Amino acid sequence: MQKTALAERKGDALMKSGADILMDSLKKESVEVIFGYPGGAVLPIYDSLYDAGIPHILARHEQGAIHAAEGYARITGKPGVVIATSGPGATNIVTGLADALIDSIPLVVLTGQVATGVIGTDAFQEADVLGITTPITKHNYQVRNPKDFPRIIKEAFYIASSGRPGPVLIDVPKDMAVLAAEVDEDPVVNLPGYQPKLTPNYLQIKKLGEEIAKAKRPLILAGAGVLISKAHEELKTFAEQQHIPVVHTLLGLGGFPANHPLFIGMAGMHGVYAANMALSKCDLLINIGARFDDRLTGNLNHFAPLAAVAHIDIDPVEIGKNVPTQIPIVGDAKEALEMLIEQNSEKAESEEWIKQLHDWNKEFPLKYERVEDRLKPQYVLELLHQETKGEAVITTDVGQHQMWAAQYYGFNKPHAWVTSGGLGTMGFGLPAAIGAQLAKPDAVVASIVGDGGFQMTLQELGVIAELGLPIKIIIINNHALGMVRQWQQTFYNERYSHSLLHSQPSFVKLAEAYGIRAFEIHTEQEAKEKMKEAFALNEPVLLDFRVEQGENVYPMVAPGKGLHEMEGV
Amino acid sequence: MKGIITLTVMNRPGVLNRITNLFSKRSYNIESITVGSSEQPDISRITVVVQVENDKELEQITKQLNKQIDIIKVMNITNQAIVARELALVKVTAATQTRSEIYSLIEPFRGSVVDISKDSLVIQITGEAEKIEAFIELLRPYGIKELTRTGTTAFLRGTQKTQGTAKNFSIV
């Protein structure tokens, strides 16, 4: 078929098809890669993409495309771009949108839509995508005039990546991509209702400085906001300058080096004892870019009962939402930390406190029992850390393997941790690794998944094989939906209702069917050998670690309990 | 408690959907919502009356609304000096014997009769919600056949009394 509308001059104005204008607008935003899947309603867009010169990764399912875009966005900080068709294409990306919104990941998602003339008539592959995605996007648009493409794309990238990042969806009716319009070379962004506040209030910064000088047991809780605003250097400088220990949220890992003497560990439901006790005993809590999620705080009645709380967040909604806050600081984490460093207020007298926290870490470290001839999942993660020196990019799903990765991997570098935190999405890790590897072609990327989650998006092995991405796929295979099994064991009298996966394919043969090298591993000795072998190869490798099914994630704060009531310490 | 929030919004498709979604997502009950054009083209004004447990909930709603891209301004005017009005249409049974009695109720409330039929009247009344409720209660014994209310629309009075307790501070 001929191209629908070639560029032509009409009088003085340059006319192009909506789809061509769209591609030009994407190029203006320096889009490096698009993740997508074609279909009827996006045929005009794909026709324009055919020779637009923007690389496109054909996922094997739209969910794979959007999780890959999330992985790309997490690593680069730039919006991941997705195209899906109308109806089922659009509904298949719903999980990814919700995941990106709750974890503040910038995305620009284009969905096809039936032509404007038939919207609302239950046309073939029609779904009310604006309605479906309104609660799970930072913002969404439907294009009603092809000349609006430049403005909408410019606004979408700005909204997705500024302030608290998030997904923006643009619904494109098929005729809008076909119709020709005058090209708006210099679109004007018109967003009077959107002005993210970046610079914190100086008086609040000053007040925090005064509190630090008074504090005996100060503590920094660092969340993903530190990574999003690329403030890891400032965080380190600030913590060292003021002599304040640091604990991380799950999503914050890597924002502060795990091997730093002021690092106490990850806090929360499966955090280390010292980190949770630090939250329970501190007299000043400085939250930087975390949202006091329930998996972090445990029972709110027992959360940081002795502390004055300062909360630095770019999203005012988060301040005071779950935890009463005495020093609210609305603004960008990097700017806030720069102001705090410059202020250089009197140091906290925290020597005793830091010593106490280290003593707790020595007394109650993470632990597991090694048994001869049995492979423990924690051992696999420790081995992975050794093999990659704590510098690999790690992606995960949700569940036991995710918690073990967070506990045992030891992140020394920022922007190397891609996990589904807030939404807890199974099937996230494998496609996210594709995006992460494309974002950093030279990085060592390991995708750690459970045997359950792996089977939710394993079709994306096709992309890994096709592109030869040297991702190491590490399956923590316990023939179970491990975290569900653990909760059924602990809270449901060992009634393992539909959580044990007795029947499984051979993951090795499955990988081999895709042309991917794979090994099945049963012992520590095999684990050592194959891990070394896998990371020496510059190609994808799947490692199926057959670990003990009964192994549980500890320590643990049971639901409804306070952080100081940890079990399995 | 009852909270009154006014919103200035871009007149774009989907705005109202985003707003009502926010309320339902956090299971806050909207008592009334009125939408209409404002003095500026492409900008609409919305008044929402909402049932909440406390001030903290109201603050959360205000912040969440503020976050929406197409919402330009959010004001919590619950404790401010405001002009708040609502309109109701009441169709009341009015036989010949009771008609003059009903007329005598309308006048002190400054209502007006907008339709008359053989056995009923339609009365239009405007004012604050409490006044309208009082009027409806007075009419009830005569037999209300139909009733419709617009919900409150409101904005700040030109002059605000100085308030001792600075409740409406902002952290932004």
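Just so it is clear, the model here is predicted, and its values are computed rather than measured.

Trainee: Tell me about the overall build of chain B, and name the residues and values.
Mentor: Of the regular secondary structure elements, chain B holds 4 helices and 9 strands. Mapped from its N terminus to its C terminus, chain B presents α and β elements in the order β-α-β-β-α-β-β-α-β-β-α-β-β. Dimensions along the principal axes, computed over C-alpha positions, put chain B at roughly 60 × 40 × 30 Å. Looking at chain B residue by residue over its 172 residues, the buried ones come to 40%. Long-range pairs, those at least 24 residues apart, make up 70% of the contacts in chain B between residues at least 6 apart in sequence. Split by element, the accessible area of chain B, about 9700 Å² in all, is 51% carbon and sulfur. Taking the 22 positively charged and 18 negatively charged side chains of chain B as two groups, their mean positions are separated by 5 Å.

Trainee: An account of the domain arrangement of chain B is needed here, citing residue identities and associated values.
Mentor: All names here are of chain B. One can read the domain layout of chain B as domain 1 (2–76) and domain 2 (83–153). On a C-alpha basis, the centres of domain 1 and domain 2 stand 29 Å from each other. Each partner contributes residues to the interface: domain 1 has 5 residues there, and domain 2 has 4 residues. Carbon and sulfur atoms make up 54% of the area that domain 1 and domain 2 hide from each other, which totals about 360 Å².

Trainee: Could you give an account of the UniProt feature "domain: Thiamine pyrophosphate enzyme TPP-binding" (unreviewed entry) in chain A, naming the residues involved and the relevant values?
Mentor: On the UniProt side, "domain: Thiamine pyrophosphate enzyme TPP-binding" (unreviewed entry) is annotated at positions that read residues 397–545 of chain A here. Strand forms 16% of residues 397–545 of chain A and helix 43%; the C-alpha atoms that close the span are 16 Å apart.

Trainee: Report on the environment of S499(A), specifying residues and quantitative values.
Mentor: Residues and elements named next belong to chain A. Counting through the fold element by element, S499 comes out in the loop between α21 (482–491) and α22 (507–513). By relative accessible area, which is 0% here, S499 ends up buried. Along the backbone, S499 and Q486 are 13 residues apart, and their C-alpha atoms lie at a distance of 9.5 Å. Ignoring sequence-local partners within four residues, the contact set of S499 consists of A480, L481, V484, R485 and Q488.

Trainee: Provide a residue-level description of the domain arrangement of chain A, including the pertinent values.
Mentor: Residue and element names in this part refer to chain A. Here chain A is partitioned into domain 1 (8–182), domain 2 (202–363) and domain 3 (377–546). Domain 1 and domain 3 are separated by 30 Å when their C-alpha centres are compared. Taken together, the 21 residues of domain 1 in the interface contact 29 residues of domain 3. Surface buried jointly by domain 1 and domain 3 totals about 1800 Å² across both partners, of which 69% is contributed by carbon and sulfur atoms. Three residues, R60, H67 and I75, lead the burial of domain 1 against domain 3; their summed loss comes to 35% of the area buried on that side. Inspection of the domain 1/domain 3 interface yields 1 salt bridge. Of the charged contacts in the structure, one is a salt bridge between R60 and E466, with a shortest N-O distance of 2.7 Å.

Trainee: So what's going on with the pattern of salt bridges? Which residues, and what values?
Mentor: Taken as a whole and assessed by the stated rule, the structure comprises 35 salt bridges over all chains. Between R151(A) and E155(A) there is a salt bridge, and its shortest N-O distance comes to 3.3 Å. Pair noted here: R151(A) and E155(A) are both in helix α7 (residues 149–161), with a separation of 4 residues, about one helical turn. One salt bridge in this structure joins E137(B) and R140(B), with 3.2 Å as the shortest N-O distance. By relative accessible area, E137(B) is classed as partly exposed at 48%. A single salt-bridge network, built from bridges that share partners, covers R164(A), D315(A), E318(A), K321(A) and K67(B).

Trainee: Any chance you could break down the interface of chain A and chain B for me, citing the residues and the numbers?
Mentor: Chain A puts 25 residues into the contact, and the matching count from chain B is 20 residues. At the boundary of chain A with chain B, total buried surface from both sides reaches about 1900 Å², with 57% on carbon and sulfur atoms. Applying the counting rule to chain A against chain B returns 1 salt bridge. Close ionic contact of D315(A) with K67(B) constitutes a salt bridge, the shortest N to O distance being 2.6 Å. Connecting chain A to chain B are 9 residue pairs in polar contact (both at pLDDT 80 or more).

Trainee: Describe in detail the UniProt feature "domain: Thiamine pyrophosphate enzyme central" (unreviewed entry) in chain A, supporting the description with residues and values.
Mentor: With numbering aligned to this structure, UniProt lists the feature "domain: Thiamine pyrophosphate enzyme central" (unreviewed entry) at residues 205–340 of chain A. Between the first and last C-alpha atoms of residues 205–340 of chain A the distance is 6 Å; the span itself is 35% helix and 20% strand.

Trainee: Break down the packing of helix α16 (residues 377–388) of chain A against helix α17 (residues 400–408) of chain A for me, citing the residues and quoting the values.
Mentor: All names here are of chain A. At a closest axis distance of 9 Å, the pairing of α16 and α17 adopts a crossing angle of 45 degrees. As the angle between them shows, α16 and α17 are arranged oblique. With respect to the hand of their crossing, α16 and α17 are arranged in right-handed fashion. Where α16 abuts α17, its residues P377, Q378, L381, E382 and H385 lie against W404, A405 and Y408. Of the residues in the contact of α16 with α17, the class split is 5 nonpolar, 2 polar and 1 charged.

Trainee: Describe the environment of V393(A), listing the residues and the values that go with them.
Mentor: Residues and elements named next belong to chain A. Along the chain, V393 turns up in strand β16 (residues 393–396). With a relative accessible area of 2%, V393 lands in the buried category. Considered as a pair, V393 and A446 are 53 residues apart in the sequence and their alpha carbons are 6.2 Å apart. Setting aside residues up to four positions removed in sequence, V393 forms contacts with I75, H415, A416, V418, A436, A443, V444, V445 and A446.

Trainee: Please set out the confidence of the model for chain B residue by residue, giving values where relevant.
Mentor: Residue and element names in this part refer to chain B. For chain B, the average pLDDT comes to 90, and 94% of its residues sit at 70 or higher. No element of chain B has a lower mean pLDDT than helix α1 (residues 15–25), which averages 90, and none a higher one than strand β8 (residues 144–149), which averages 97. Between residues 164–172, whose pLDDT stays under 50, and residues either more than four places distant or in other chains, the model counts 11 contacts.

Trainee: For the packing of aromatic side chains, give the residues involved together with the corresponding values.
Mentor: Residues and elements named next belong to chain A. For the structure on display, the rule yields 12 aromatic pairs over all chains. Arranged with centres 5.6 Å apart and planes meeting at 80 degrees, the rings of Y158 and Y194 form a pair that is edge-to-face. In this pair, Y158 is assigned in helix α7 and Y194 in the loop between β9 (180–182) and α9 (202–214), connecting sequence segments 36 residues apart. Classification of Y194 by relative accessible area gives buried; the value is 9%. Measuring from centroid to centroid gives 4.8 Å for F411 and W417, while their planes differ by 50 degrees, and the two rings are tilted.

Trainee: Quick one: what's the story with α17(A), residue by residue and with numbers?
Mentor: Residues and elements named next belong to chain A. A large share of α17 lies buried, amounting to 9 of its 9 residues. Among the residues of α17, those classed as buried are Q400, H401, Q402, M403, W404, A405, A406, Q407 and Y408. Backbone geometry just after α17 places G410 at a positive phi near 75 degrees.

Rules and cut-offs
- Residues numbered from 1 in each chain as written.
- Chains lettered and ligands numbered in written order.
- Predicted model: local features only at pLDDT ≥ 70, side-chain atom pairs only at ≥ 80, totals over all residues.
- Heavy atoms only, no water.
- Helix = DSSP H or I, 4+ residues; strand = E, 2+ residues; numbered from the N terminus.
- Buried < 20%, exposed > 50% of the residue type's maximum accessible area, 1.4 Å probe, protein only.
- Contact = heavy atoms within 4.5 Å.
- Areas by Shrake-Rupley, 256 points an atom, 1.4 Å probe, with all protein chains shown as cover.
- Lys, Arg positive; Asp, Glu negative; His and termini not counted.
- Charge placed at Lys NZ, Arg CZ, Asp CG, Glu CD.
- Domains from an automatic or database assignment.
- Buried area = accessible area lost by both parts, 1.4 Å probe.
- UniProt positions renumbered as here; feature names shortened; annotations may be inferred.
- Salt bridge = Lys/Arg side-chain N within 4 Å of Asp/Glu carboxyl O.
- Polar contact = N/O pair within 3.5 Å; in protein donor to acceptor, adjacent residues only side chain to side chain.
- Axes fitted to C-alpha atoms, helices over the stretch in contact; angles between N-to-C directions.
- Parallel < 35°, antiparallel > 145°, perpendicular 65-115°, else oblique.
- Left-handed = near helix turned anticlockwise from the far one by under 90°.
- Nonpolar A, V, L, I, M, F, W, Y, C, P; charged D, E, K, R; others polar.
- pLDDT = per-residue confidence, 0-100.
- Phe/Tyr/Trp six-rings, centres within 6.5 Å; stacked < 30°, edge-to-face > 60°.

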